[in-house]
Amino acid sequence: DVIINALQDSPKDQLTYQRASAEKCIQDIMRDVRTVLQDSGLPLNFWGEALKYCTFTKNRRPCYANPDNIPPYEARYGRIPDYSRMQPFGQACTAMYPKGKAPNKKLGKQAMKGVMIGYEDMDGTKAYRIFVPELGKVIVTPDVTFMDFKITTTGKIADVNKLTDQLYNTEN
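Here we summarise the structure given alongside this text. (Residues numbered from 1 in each chain as written. Predicted model: local features only at pLDDT ≥ 70, side-chain atom pairs only at ≥ 80, totals over all residues. Heavy atoms only, no water.)

### Regarding the pairing of strand β3 (residues 127-132)
Operational definition: Accessibility here uses a 1.4 Å probe with only protein chains present; expressed as a share of the type maximum, an area under 20% marks a residue as buried, one over 50% as exposed, and anything in between as partly exposed. For the purposes of this entry, the term helix denotes a DSSP run of H or I that reaches at least four residues, the term strand denotes a run of E that reaches at least two, and both are numbered from the N terminus. Here, any two strands with at least 2 DSSP bridges between them count as paired.
Most of β3 sits inside the fold, with 6 of its 6 residues counted as buried. The alternating pattern of β3 places A127, R129 and F131 on one face and Y128, I130 and V132 on the opposite face, and all of these are buried. Inspection of the sheet shows strand β2 (residues 111-120) paired to β3 by 5 bridges, in the antiparallel sense. In the strand pairing of β3, E120 is matched with A127. When β3 meets strand β4 (residues 137-141), the two strands line up antiparallel, connected through 5 bridges. Residue pairing across strands places R129 opposite V140, the latter belonging to β4.

### A word on the nonpolar core
Note the following rule: Throughout, nonpolar core names a set of buried Ala, Val, Leu, Ile, Met, Phe, Trp, Tyr and Cys residues whose side chains join them through atoms within 4.5 Å. For this analysis, residues touch if any pair of their heavy atoms sits within 4.5 Å.
Membership of the largest hydrophobic core comes to 27 residues, with the highest contact counts inside it found for Y53, F89, M116, I117, Y119, Y128 and I130. Elements represented by at least two residues in this core include exactly α1 (2-40), α2 (47-58), β1 (91-96), β2, β3 and β5 (144-146). The leading source of residues in this core is β2, at 5 residues. Apart from residues lying up to four places away in sequence, F89 is in contact with V36, L37, S40, L42, F46, E49, A50, Y53, M116 and I117.

### Points about unusual backbone geometry
Here D68, not a glycine, exhibits a phi torsion of approximately 60°, which is positive. Within the secondary structure layout, D68 lies in the loop between α2 and α3 (72-77). Note on D68: relative accessible area 74%, which makes it exposed.

### Description of the sheet that holds β5
Filter applied, for reference: Convention adopted: a line fitted to C-alpha atoms gives each axis, helices being fitted over their contacting stretch, and angles between N-to-C directions are expressed from 0 to 180 degrees.
Overall, antiparallel pairing links the 5 strands, which are arranged β4-β3-β2-β1-β5 in an open sheet. Lying at the two open borders of the sheet, with one neighbouring strand each, are β4 and β5. Pairs of neighbouring strands in the sheet enclose a mean axial angle of 45°, with direction left out of account. Two strands pair when backbone bridges link them, and β1 and β5 are joined in this way by 3 bridges, in the antiparallel orientation. In the sheet register, A95 faces β5, and the bridge partner there is V144. Lying over the sheet, α2 contacts β2, β3 and β4, oriented at roughly 55° with respect to β2.

### Thoughts on the layout of surface pockets
Note the cut-off: Any residue with an atom within 4 Å of a point lines the site, the site being either a cavity, points on a 1 Å grid over the protein atoms alone where a 1.4 Å probe fits but cannot get out, or a pocket, an open set with protein on both sides within 12 Å along at least 5 of 7 lines. Grid points are joined across faces, edges and corners, and a volume is the space filled by probe spheres set on the points. Ten residue types, Ala, Val, Leu, Ile, Met, Phe, Trp, Tyr, Cys and Pro, are classed as nonpolar, four, Asp, Glu, Lys and Arg, as charged, and the remainder, Gly among them, as polar.
When its volume is computed, the largest pocket comes out at roughly 510 Å³. Along the wall of the largest pocket there are 24 residues; nearest its centre are F56, R60, Y73, Y77 and D121. Elements with a contribution of two residues or more to the lining of the largest pocket: α2, α3 and β2. Residue composition of the lining of the largest pocket, grouped by class: 9 nonpolar, 5 polar and 10 charged. Reported here for the second largest pocket is a volume of approximately 340 Å³. Together, 13 residues line the second largest pocket, and D28, K58, P62, C63 and Y64 are the ones closest to its centre. Contributing elements (two or more residues each) for the lining of the second largest pocket: α1 and α2. The element contributing the most residues to the lining of the second largest pocket is α1, with 4 residues. Here the lining of the second largest pocket is built from residues that sort into 6 nonpolar, 3 polar and 4 charged.

Structure below.
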């Protein structure tokens, strides 16, 4: 009788611990979702895209629970994540029309304005999820040019417009 009670208490305590750990993880991600949505200025109906974005970036950040603080992505796949394509959620960009789909063919518009809302890593292709207000939908494409800001190799955001002004407006 005593042995049975001890066995029943142990899984319950373990389950409570696991539930608390899961709740903490959900709280952390939802805090990130609120932050990126507020910073981007996008409406709240993009919360699902923000959640995917935050999960994607969280899995590529160093984690103190892993040996040598390696990111979860590296622990699972055995290779370092590609940080060169990381961009802020809500970043203004232009996305190229697919071949043959551009209006007015050669002399017309070749790209559409959009907002980067995530990443797509399906089937080995590394593409971005772009919301195009002109179309009112999300497109997935690797052919994207980002505006205003650029992530540098140091991980800091640099204002491209300021940098070009400094380059061309130097006094001799």
